[in-house]
Amino acid sequence: MMTATPIVQAERIVRRDTRHGKTLLQPTDFALAGGDRVAITGPSGSGKSVLLRALALLDPLDDGRLRWHGRAVRRAAIPRYRREIAYIRQRPALIDGTVEDNLRYPFSLRVYRDLQFNRAAVEMLAAHAGRDAGFLERHASELSGGEAQIVALIRVLQLAPQVLLLDEPTASLDPESALASEALITAWFDDGAAARAWVWVSHDAAQAARVGKRQLTMRAGVLSAAASESLTAVPISKESAQ
Ligand SMILES: Nc1ncnc2c1ncn2[C@@H]1O[C@H](COP(=O)(O)OP(=O)(O)OP(=O)(O)O)[C@@H](O)[C@H]1O
Ligand SMILES: [Mg+2]
């Protein structure tokens, strides 16, 4: 396979809690190329969410830098950057209103003014996640934690980002709905013709094995290859078998 410029590349990025003088993310190098599917596991409090938020430039880096398609990300370009590299929060934040109101919300933002809400498209995404059209009329405050996760996922997928940073996106879902969400995310990935990539944080080892072509682990702010990687048979993907 040719070594293309990564979509996103982190060079010795660091996150600190300056108030308590604690380093949350030790200097970390990380590259994500088109077609990459990375799973990250690791104990609670080890820095998995801190890493994803740093990659999405939601929290300022304390050191190091990020490159997008080989170029440093300028401050003015951050909203545009976040459009392409979407962070799906561990605990989704929904606005007051219906599911449809929530799905329409991004289109009220400047950065998405070139796009238009497409009800048929979100109904299809909802159906893919096992929800009928009535789901769009539900009130956000009445949703279960898992349903809120599905809304947050559809809200991002309809915007067709290049990279998804998924922070335990199915943690509140029953196994069947979790598999439906996995299928939904995989459909987004397959639509991208190897130009898309994800980083998927999971506490579920079986899920991590399914969703990660590359397995990483986070421990005390240090990202490394998962110890079990060399012992686990990595399934040969369609692309590499050709
Ligand atoms: N903005 C912040 N300021 C100070 N400390 C923070 C901040 N964000 C996270 N932390 C701390 O950094 C550590 C790592 O947090 P993080 O949320 O990344 O853990 P995690 O690996 O995602 O855990 P979990 O699996 O429970 O979600 C924790 O000790 C947390 O309290
Ligand atoms: Mg977390």
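Residues numbered from 1 in each chain as written. Chains lettered and ligands numbered in written order. Predicted model: local features only at pLDDT ≥ 70, side-chain atom pairs only at ≥ 80, totals over all residues. Heavy atoms only, no water.

Undergrad: Give a detailed account of the overall build of the chain, specifying residues and quantitative values.
TA: The helix and strand inventory of the chain stands at eight helices and ten strands. Against the compact-globule benchmark of 18 Å for 242 residues, the chain has a radius of gyration of 18 Å, which places it among compact chains. With respect to the principal axes defined by its C-alpha atoms, the chain has extents near 45 × 40 × 35 Å. Every one of the 242 residues in the chain was classed for burial, and the buried ones make up 45%. By sequence separation, contacts in the chain at least 24 residues apart represent 71% of the contacts at least 6 residues apart. Accessible area for the chain stands at about 12800 Å²; split by element, carbon and sulfur atoms hold 51% of it. Taking the average place of the 31 positive charges on the side chains of the chain and the average place of its 27 negative ones, the gap between the two points comes to 8 Å. (Helix = DSSP H or I, 4+ residues; strand = E, 2+ residues; numbered from the N terminus. Rg over C-alpha atoms; globule rule 2.2 N^0.38 Å. Buried < 20%, exposed > 50% of the residue type's maximum accessible area, 1.4 Å probe, protein only. Contact = heavy atoms within 4.5 Å. Areas by Shrake-Rupley, 256 points an atom, 1.4 Å probe, with all protein chains shown as cover. Lys, Arg positive; Asp, Glu negative; His and termini not counted. Charge placed at Lys NZ, Arg CZ, Asp CG, Glu CD.)

Undergrad: Mind laying out the pairing of strand E3 (residues 37-41), listing which residues take part and the relevant values?
TA: When you tally the buried positions in E3, you get four out of five residues, the bulk of the element. Bridge count for E3 against strand E8 (residues 197-201) is four bridges, and the pairing is parallel. Bridging across to E8, valine 38 finds its partner in valine 199. Bridge count between E3 and strand E9 (residues 214-219): four bridges; the pairing is parallel. (Pairing = 2+ DSSP bridges.)

Undergrad: How would you summarise the confidence of the model for the chain if you had to cite specific residues and measurements?
TA: Predicted coordinates in regions of low pLDDT should not be interpreted in detail. Mean pLDDT for the chain: 91, with 93% of residues reaching 70 or above. Low pLDDT, under 50, characterises residues 230-242; the stretch is placed with six contacts to residues that sit more than four places away or in other chains. (pLDDT = per-residue confidence, 0-100.)

Undergrad: Could you give an account of the site of ligand 1, naming the residues involved and the relevant values?
TA: Looking at ligand 1, there are 14 residues lining it, with Ser44, Gly45, Lys48, Ser49 and His203 nearest. Within the contact set of ligand 1, an oxygen atom lies 2.9 Å away from a side-chain nitrogen or oxygen of serine 44. With respect to ligand 1, the backbone of serine 46 contributes an N or O atom lying 3.1 Å from an oxygen atom. Surface burial for ligand 1 is 63%, taken as the share of its 640 Å² of free accessible area covered by protein chains. Those elements giving two or more residues to the shell around ligand 1 turn out to be strand E2 (22-32) and helix H1 (48-55). Broken down by element, the residue count for the shell around ligand 1 peaks at three residues, all from H1. In terms of residue class, the shell around ligand 1 is made up of three nonpolar, seven polar and four charged. (Near = heavy atom within 4 Å. Polar contact = N/O pair within 3.5 Å; in protein donor to acceptor, adjacent residues only side chain to side chain. Nonpolar A, V, L, I, M, F, W, Y, C, P; charged D, E, K, R; others polar.)

Undergrad: I'd love a proper account of the environment of proline 106, names of residues and values included.
TA: Within the element layout of this structure, proline 106 appears in the loop between helix H3 (99-104) and helix H4 (119-128). A residue is classified by how much of its surface remains accessible, and proline 106, at 4% relative accessible area, is buried. Note: C-alpha distance between proline 106 and alanine 127 (21 residues apart in sequence) is 21 Å. Those residues in contact with proline 106, other than ones at most four positions away along the chain, are Tyr112, Arg155, Gln158 and Leu159.

Undergrad: Give me the coordination of the magnesium ion (ligand 2): which residues, what numbers.
TA: Those donors, Ser49 (OG) and Gln90 (OE1), are the protein atoms that reach the magnesium ion (ligand 2), and they lie 2.1 to 2.4 Å from it. One end of the pair, serine 49, is in helix H1; the other, glutamine 90, is in the loop between strand E6 (85-88) and H3, with 41 residues separating them in the sequence. On the basis of relative accessible area, serine 49 is assigned to the partly exposed category, the value being 22%. Owing to a relative accessible area of 28%, glutamine 90 belongs among the partly exposed residues under this scheme. (Donors = N, O, S within 2.8 Å, 3.2 Å for Na, K, Ca; no water.)

Undergrad: Before we move on, can you summarise the nonpolar core with the specific residues and values?
TA: Soluble globular proteins tend to bury their nonpolar side chains together. Core analysis: the largest hydrophobic core is formed by 34 residues, its most contacted members being Leu103, Ile154, Leu164, Leu166, Ile185 and Trp198. Mapped onto this core, the elements with two or more residues apiece are E6, H3, H4, helix H5 (145-157), strand E7 (163-167), helix H6 (175-191), E8 and helix H7 (205-211). Among the elements that make up this core, the one with the highest residue count is H5 (six residues). Leu55, Trp68, Ile85 and Tyr87 belong to the second largest nonpolar core, which has 29 residues in total. (Core = buried A, V, L, I, M, F, W, Y, C linked by side-chain atoms within 4.5 Å.)

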